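Topology and contacts: notes
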Amino acid sequence: MNARKITKDVYWMGAVDWDRRLFDSLIPLPDGTSYNAYLIQGSQKTSLLDTVDPSMTHVLMAQLESVERVDYVVAHHVEQDHSGALPLVLDKYPKAKVLVTPKGKEMLVDHIRVPVDRIRAVEDGELLSLGNKTLKFVHTPWVHWPETMSTYLAEDRIFFSCDFFGSHLATSDLYVTDEPRVYEAAKRYYAEIMMPFRKIIQKNLDKIKDLDIDLIAPSHGPIYNRPALITDAYRDWISDVPKNQAVVAYASMHGSTKKMAEYLVASLTEKGVTVQQFDLSVTDIGKLAMSLVDAATIVLGTPTVLVGPHPLVAYAAMLANALRPKLKFASVIGSYGWGGKAVEQIAALIPNLKVEILSPILCRGLPGETDYNELDKLAQTVAHKHKEAGLM
Ligand code: FEO
């Protein structure tokens, strides 16, 4: 069995996907990822927790070659990167049952075509004895689908969290060894798929706070042997209070909007606001998403093209709207040729953002002294708003 021992009779299985560079045809994976499955061999029963992405099924099946018996496969999450290899695993172990949340049962049938008679739904808090080891199923919905759950292995004090607490990081390390690197990858992961569910994640964190946990074993990235690294980080990221940070994200066709964005960033910096600046024509959208985890203010910079906002800016606005960050303030700056409806169209793209809109600044052609004065005033307003909110 080409697996890695975690504790007695508990093994990491799965696949490290070093070369994957995109997830969901959307999310950049600069550091690859892994699909972690785990095997728990109790004195009476054996359980596999999750499988792998269909592209890596052969890796998991090779690891299972010497495993004669699997009684249960716990499917924490129906998404294909964890459940995609289920059909082949179930073919190999014809008596094995798949354990999922009630919601997951119907989804497994629809998404993976698992025969319904192979699936058993488990309740929140339900215990399953494997003999000398006991699984406790903890429903943790919306991390990041409605059916997601986690498993606590009491005897070994391991919390198997699937996507919850995960990081897209290909590494040969079984455990976290480089905390800043994993923190960065986990924050990126949270920003990209967990952030819209901040409020529910708060409930999930409360639900597990009394569990005695030595290890958190997610289904992407290394195992946390210091669980507070990730639980403290999550508490910070999901909190309702943003930081004294502004995001200035822009596209520019002929340089005018770029001049405005750069001037605004300098002015905000001078006034004590921390800023992240993104040229949307070259930026990694994962970095943009990460910046929105903490930011209090977003300023979108757009030229007017085809009488509306630049499509890259519209895309960034749609993304921010979908991620529902804890932003408090927003504005638009930019340059136009002769007219248009860039501001109105951007405003219509962000209904989910509960922000106060600060007066937009649009100029015709190249920005001049009046426009720069207006940008200074906007920077002053942002700094003032941040102070009023107790962020600086
Ligand atoms: Fe890692 Fe939501 O799948």
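That block above? That's the structure.
So, here is what we can say about the structure in this document. Every value quoted in this text rests on a predicted model; they were computed, and no experiment measured them.

Conventions we followed
Along every chain, residues carry numbers that run from 1 in the direction the sequence is written. Local features in this predicted model are restricted to residues whose pLDDT is 70 or higher, and side-chain atom pairs enter the listing and the counts only when it is 80 or higher, whereas totals over whole chains, interfaces and linings include all residues. Water and hydrogen atoms play no part in the side-chain values, which are based on all heavy atoms of the structure. Only DSSP runs of H or I reaching four residues or more are called helices, and only runs of E reaching two or more are called strands; each is numbered from the N terminus. What counts as a ring pair is set by centres within 6.5 Å for rings of Phe, Tyr and Trp (its six-membered ring), and what kind of pair is set by the plane angle: stacked under 30 degrees, edge-to-face over 60, tilted for all other angles. Classification of residues uses two cut-offs on accessible area relative to the type maximum, computed with a 1.4 Å probe and protein chains only: under 20% is buried, over 50% is exposed, and between them is partly exposed. To estimate how far a helix should extend, the number of its residues minus one is multiplied by 1.5 Å. Under this scheme, a helix contributes an axis fitted over its contacting stretch, all axes are lines through C-alpha atoms, and angles between N-to-C directions fall in the 0 to 180 degree range. Note on terminology: angles under 35 degrees are roughly parallel, angles over 145 are roughly antiparallel, angles of 65 to 115 are roughly perpendicular, and the others are oblique. Handedness of a crossing is defined here by the sense of rotation of the near helix relative to the far one, left-handed for an anticlockwise turn of less than a right angle and right-handed for a clockwise turn. The contact rule is simple, with two residues in contact once any of their heavy atoms fall within 4.5 Å. In protein, a polar contact means a hydrogen-donor-capable atom and an acceptor-capable atom, both N or O and within 3.5 Å, with residues adjacent in sequence counting only if both atoms are side-chain atoms; elsewhere, any N or O pair within 3.5 Å suffices. Residue types Ala, Val, Leu, Ile, Met, Phe, Trp, Tyr and Cys, when buried and joined through side-chain atoms within 4.5 Å, form a set referred to as a nonpolar core. Boundaries between domains were set according to an automatic or database domain assignment.

The omega torsion across Val143 and His144 is 15°, close enough to zero to call that bond cis. Take His144: it is sitting in the loop between β11 (134-139) and β12 (149-153). Of note, the phi angle at Asp24 is positive, near 55°, even though the residue is not glycine. Structurally, Asp24 can be placed in the loop between β3 (22-23) and β4 (27-28). Not every positive phi belongs to a glycine, and Ser25 is a case in point at roughly 50°. If you trace the backbone, Ser25 turns up in the loop between β3 and β4.

Within the structure shown, the criterion is met by 10 aromatic pairs. Note on Tyr38 and Phe160: the rings are 5.0 Å apart at their centroids and 55° apart in plane angle, and the pair reads as tilted. Here Tyr38 is found in strand β5 (residues 33-41), whereas its partner Phe160 is found in strand β13 (residues 158-162), with 122 residues between them in sequence. Like Phe160, Tyr38 is buried. Ring centres of Tyr263 and Tyr372 lie 4.6 Å apart, and the angle between their planes is 40°; this geometry places the pair in the tilted category. Residue Tyr263 is found in helix α8 (residues 256-270), and its partner Tyr372 is found in helix α12 (residues 369-388); the two are separated by 109 residues along the sequence. In this structure Tyr263 comes out as partly exposed when scored by relative accessible area, which is 30%. Taken together, the ring pairs connect Phe164, Phe165, Tyr183, Tyr190, Tyr234 and Trp237 into an aromatic cluster.

A word on helix α10 (residues 311-323). With 13 residues, α10 ought to run about 18 Å at 1.5 Å a step, and its terminal C-alpha atoms sit 18 Å apart, in line with that. One or two steps after α10, the chain reaches Arg324, where phi turns positive at roughly 45°.

Time to look at the packing of α8 against α12. Running from amino to carboxyl end, α8 crosses α12 at an angle of 45°, the nearest separation of the two axes being 9 Å. Taken together, the axes of α8 and α12 are oblique relative to one another. Crossing handedness for the pair α8 and α12: right-handed. For the pair α8 and α12, the contacting residues are Lys259, Met260, Tyr263, Leu264, Ser267 and Leu268 in the first and Tyr372, Leu375, Asp376, Leu378, Ala379 and Val382 in the second.

Quick look at helix α9 (residues 285-294) now. Taking burial as the measure, the 10 residues of α9 include nine buried ones, the bulk of the element. For α9, the side-chain oxygen to backbone nitrogen distance between the N-cap and Gly286 is 2.6 Å, and the N-cap itself is Asp284.

What follows is about the nonpolar core. Counting 61 residues, the largest nonpolar core has Phe159, Phe165, Tyr190, Ile201, Tyr224 and Tyr234 as the members making the most contacts within it. No other element matches helix α5 (residues 179-194), which puts eight residues into this core. Here this core spans two domains, and each of domain 1 (4-237) and domain 2 (245-387) adds at least three residues to it. Grouped together as the second largest cluster of nonpolar side chains are 32 residues, Met13, Tyr93, Ile112 and Ile119 included.

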